[in-house]
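# Fold and contact review
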Amino acid sequence: MAWLLVVVAGLLETGFAVCLKLSHGFTRLWPTVAFAAFALGSFGLLTLALKRLDVGPAYAVWTGIGAAGTATYGMIFLGDVVSVLKIVSITLVICGVIGLQLSGSTQ
């Protein structure tokens, strides 16, 4: 259950990173509100998960999901440059996240 919280927190991290860009320096109301909601949710779920998980693997999985999700979202929806190297790198991040989750805590 704790790992599920980390995964959802990582997805919410993607949301707050995207909304941070869309807020244009906190000058647009609704992206700023969404940023705050996603950030609070993400940090809140990570905090709950850390009650049962080791901080190193949990934090790495959280940031890995957020980074891979944000990069993927940017390429698909925000016009970020798509390249083979970027896709391979995102795949490696995801493989690393899976490896950390499998080799980390047994909880």
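Residues numbered from 1 in each chain as written. Predicted model: local features only at pLDDT ≥ 70, side-chain atom pairs only at ≥ 80, totals over all residues. Heavy atoms only, no water.

### Details of the UniProt feature "transmembrane region" (unreviewed entry) in the protein chain
Filter applied, for reference: UniProt positions are given in the numbering used here, feature names are shortened, and annotations may be inferred rather than shown by experiment. Numbering of helices and strands runs from the N terminus; a helix is a DSSP stretch of H or I covering at least four residues, while a strand is a stretch of E covering at least two.
Sites flagged by UniProt as "transmembrane region" (unreviewed entry) map to residues 33-50, 57-78 and 84-102. Span residues 57-78 is 95% helix and 0% strand, its end C-alpha atoms 30 Å apart. Secondary structure content for residues 84-102 is 100% helix and 0% strand, and the end C-alpha separation is 27 Å.

### Quick notes on the packing of aromatic side chains
We count it as follows: Between rings of Phe, Tyr and Trp, where Trp is taken as its six-membered ring, a pair exists when centres lie within 6.5 Å; planes separated by under 30 degrees are stacked, by over 60 edge-to-face, and by other angles tilted.
Within the structure shown, the criterion is met by six aromatic pairs. Taken together, a centroid distance of 5.5 Å and an interplanar angle of 55° make the contact between F43 and W62 tilted. One end of the pair, F43, is in helix α2 (residues 29-49); the other, W62, is in helix α3 (residues 55-77), and 19 residues separate them in sequence. Ring pairs connect the aromatic residues F16, F26, F35, F43, Y59 and W62, which therefore count as one cluster.

### Here's the deal with a nonpolar patch on the surface
Test applied: Surface patches are drawn from residues lacking salt bridges whose relative accessible area is over 30%; two like charges belong together within 9 Å, two nonpolar side chains (Val, Leu, Ile, Met, Phe, Trp, Tyr) within 5 Å. Residue-level accessible areas treat just the shown protein chains as cover; the underlying method is Shrake-Rupley with a 1.4 Å probe. Salt bridge, as used here, is a side-chain nitrogen of Lys or Arg placed within 4 Å of a carboxyl oxygen of Asp or Glu. Throughout, exposure labels follow a simple rule: accessible area from a 1.4 Å probe, protein chains only, divided by the maximum for the residue type, with under 20% read as buried, over 50% as exposed, and the rest as partly exposed.
A cluster of nonpolar side chains, contributed by M1, L4 and V8, occupies part of the molecular surface with about 320 Å² of accessible area. The residue V8 is located in helix α1 (residues 2-22) in this model. On the basis of relative accessible area, V8 is assigned to the partly exposed category, the value being 33%.

### What to know about the confidence of the model for the protein chain
The criterion, for reference: Note: pLDDT gives the predictor's confidence per residue, expressed from 0 to 100.
Residues with a pLDDT of 70 or more make up 96% of the protein chain, whose mean pLDDT is 94. Within the protein chain, no element has a lower average pLDDT than helix α4 (residues 84-103), which sits at 91, and none a higher one than α2, at 98.

### Topic: the packing of α1 against α3
The following threshold applies: For every element, the axis is a line fit to its C-alpha atoms; helices are fit only across the contacting stretch, and the angle between N-to-C directions ranges from 0 to 180 degrees. Between 65 and 115 degrees an angle is taken as roughly perpendicular, under 35 as roughly parallel, over 145 as roughly antiparallel, and anywhere else as oblique. The handedness criterion is simple: a crossing whose near helix is rotated anticlockwise from the far helix by less than a right angle is left-handed, and one whose near helix is rotated clockwise is right-handed. Contacts are residue-level and defined by heavy atoms, with any inter-residue pair within 4.5 Å sufficient. Put simply, Ala, Val, Leu, Ile, Met, Phe, Trp, Tyr, Cys and Pro go in the nonpolar bin, Asp, Glu, Lys and Arg in the charged bin, and everything else, Gly too, in the polar bin.
One can describe the packing of α1 onto α3 by two numbers: an axis separation of 8 Å at closest approach and a directional angle of 40°. In terms of orientation, α1 and α3 fall into the oblique class. When you trace α1 past α3, the crossing you get is right-handed. For the pair α1 and α3, the contacting residues are W3, V6, V7, A9, G10, L11, E13, T14, F16, A17 and V18 in the first and P57, A58, V61, W62, T63, I65, G66, G69, T70 and Y73 in the second. For the contact of α1 with α3, the per-class residue count stands at 14 nonpolar, six polar and one charged.

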